[in-house]
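# Tertiary structure, described
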Amino acid sequence: MRLLLVNVCVILLTCAVIKADNTADKETLAKHDAVLSRVKSSFLKNNNNIRLLIQLVQEHFDNSLKYLFSSKQYGSQYVERPGLAKYLLEASDKQWKNAFDVLKKFLQRGGTFEDGNFIFNVTGKGELSLYETADISDRYVSTLRNVLDDSMNLSKNLNKLYLKTFKNQTNFGDLEISHYLTDKLEEEAERTRELAGHVVTLQKMNSLGVALHLFDSHF
């Protein structure tokens, strides 16, 4: 009988400890959430703003993988365009870095992985295919044009975010993120101008027989 009472007391004591631990965990989480709420940017208290930022991260990841695959295709023994292959590989690295840079800013301003939907549906793929029949000079130009389109689309999405940040805090604005996006917009505008120059130059040279080889060797 005494042993039974001892066992019952042990069980009751264990349950009390577990309940106390759970209560402590809940209190700790509540305090943690309260701290996060105070430091969280007002911009990130709007779900649509969070969605746009996450889409920007995914756009960078998509571009990075697309450029990486295309770089390997243009650098292969079947195409042998090392200049464009090198350019696309550098662009891939830059897009990958930018994706993590945006994600870092998101977390820095109080965002968490519980905000929004962090399931990325990556769709990046190479510009060429195993059954490519188009003239390589045409595909070369179209690849650069597609990279230019990506840059212009990225600027458009950055501008959309920028306009939302350039508001007061009660309207979910954040001037710190606005300043961050300003630097990104200037950087992307420079890249767009560079790509547009490449496309225009190559289109003018495309009718010449050795133009593609010369252009690629000076990339």
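The structure under discussion appears in the preceding block.
The structure presented is a predicted model; accordingly, all values stated were derived computationally and were not measured. (Residues numbered from 1 in each chain as written. Predicted model: local features only at pLDDT ≥ 70, side-chain atom pairs only at ≥ 80, totals over all residues. Heavy atoms only, no water.)

### Some details on the overall build of the protein chain
Put simply, the rule is: Numbering of helices and strands runs from the N terminus; a helix is a DSSP stretch of H or I covering at least four residues, while a strand is a stretch of E covering at least two. Buried means the residue's accessible area, taken with a 1.4 Å probe over protein chains only, is under 20% of the maximum for its type, while exposed means over 50%, and partly exposed covers the values in between. Contacts are assigned to residue pairs that have any heavy atoms within 4.5 Å of one another.
Counting its secondary structure elements, the protein chain contains six helices and zero strands. When the helices and strands of the protein chain are placed in sequence order, the string is α-α-α-α-α-α. Per-residue burial over the protein chain gives 38% buried out of 219 residues. A separation of at least 24 residues holds for 76% of the contacts in the protein chain among residues at least 6 apart in sequence.

### Details of the packing of aromatic side chains
Our working definition: A pair of Phe, Tyr and Trp rings is counted when the ring centres sit within 6.5 Å of each other, with Trp represented by its six-membered ring. The angle between the planes then sorts it: under 30 degrees is stacked, over 60 is edge-to-face, the rest tilted.
Overall, the coordinates contain four aromatic pairs when judged by the stated rule. Pairing F61 with F100 gives two aromatic rings, centres 5.4 Å apart and planes at 85 degrees, and the pair type is edge-to-face. With F61 in helix 2 (residues 47–74) and F100 in helix 3 (residues 82–108), the pair connects residues that are 39 residues apart, well separated along the chain. For F61, a relative accessible area of 11% gives the class buried. Three or more aromatic residues joined by ring pairs make a cluster, and in this case those are F61, W96 and F100.

### Thoughts on the pattern of salt bridges
Under the convention used in this document: Salt bridges are defined by distance alone: a side-chain nitrogen of Lys or Arg within 4 Å of a carboxyl oxygen of Asp or Glu.
In the structure shown here, the tally under the stated rule is nine salt bridges. For D101, the salt bridge is made with K184, and the minimal N-O distance between the two is 2.7 Å. Pair noted here: D101 is in helix 3 and K184 is in helix 5 (residues 175–205), with a separation of 83 residues, a long-range link. In this structure, R109 engages E176 in a salt bridge whose closest nitrogen and oxygen atoms are separated by 3.6 Å. Here the residue R109 occupies a position in the loop between helix 3 and helix 4 (136–165), and E176 occupies one in helix 5, the gap between them amounting to 67 residues. Salt bridges sharing partners connect three or more residues here, namely K105, R109, D174 and E176.

### Let's talk about the nonpolar core
We count it as follows: What we call a nonpolar core is a set of buried Ala, Val, Leu, Ile, Met, Phe, Trp, Tyr and Cys residues that are connected through their side-chain atoms within 4.5 Å.
Within the largest apolar cluster, 20 residues are counted, with the highest numbers of intra-cluster contacts made by L53 and L161. Of all the elements in the fold, those that place two or more residues in this core are helix 2, helix 3, helix 4 and helix 5. With seven residues, helix 2 is the single largest residue contributor to this core. Membership of the second largest hydrophobic core comes to 19 residues, among which are Y74, L144, V199 and F215.

### Observations concerning the environment of H179
With respect to the helices, strands and loops of the structure, H179 is situated in helix 5. For H179, a relative accessible area of 53% corresponds to the exposed category. Through-space distance from the C-alpha of H179 to that of F166 is 9.1 Å; in sequence the pair is 13 residues apart.

### Thoughts on the packing of helix 2 against helix 4
Heads up, the condition is: Fitting a line to C-alpha atoms yields each axis, with helices limited to the stretch in contact; the angle taken between N-to-C directions then spans 0 to 180 degrees. Oblique is the label for every angle not falling under 35 degrees (roughly parallel), over 145 degrees (roughly antiparallel), or within 65 to 115 degrees (roughly perpendicular). Helix crossings get a hand from a simple test, with the near helix turned counterclockwise from the far one by less than a right angle marking a left-handed crossing and a clockwise turn marking a right-handed one. Polar here means any residue outside two lists: the nonpolar Ala, Val, Leu, Ile, Met, Phe, Trp, Tyr, Cys and Pro, and the charged Asp, Glu, Lys and Arg; Gly therefore counts as polar.
Between helix 2 and helix 4, whose axes approach to 11 Å, the crossing angle comes to 165 degrees. Considering their axes alone, helix 2 and helix 4 lie roughly antiparallel with respect to each other. Between helix 2 and helix 4 the crossing geometry is left-handed. Each residue belonging to the contact of helix 2 with helix 4 can be placed in one class, and the counts come to 11 nonpolar, seven polar and six charged.

### Describing the environment of S92
Within the element layout of this structure, S92 appears in helix 3. According to the relative accessible area criterion, S92 is buried, its value standing at 3%. Each C-alpha atom of the pair S92 and S70 lies 9.6 Å from the other, and the pair is 22 residues apart in sequence. Sequence-distant contacts of S92, that is, excluding residues within four places in its chain, are made with S64, Y67 and L68.

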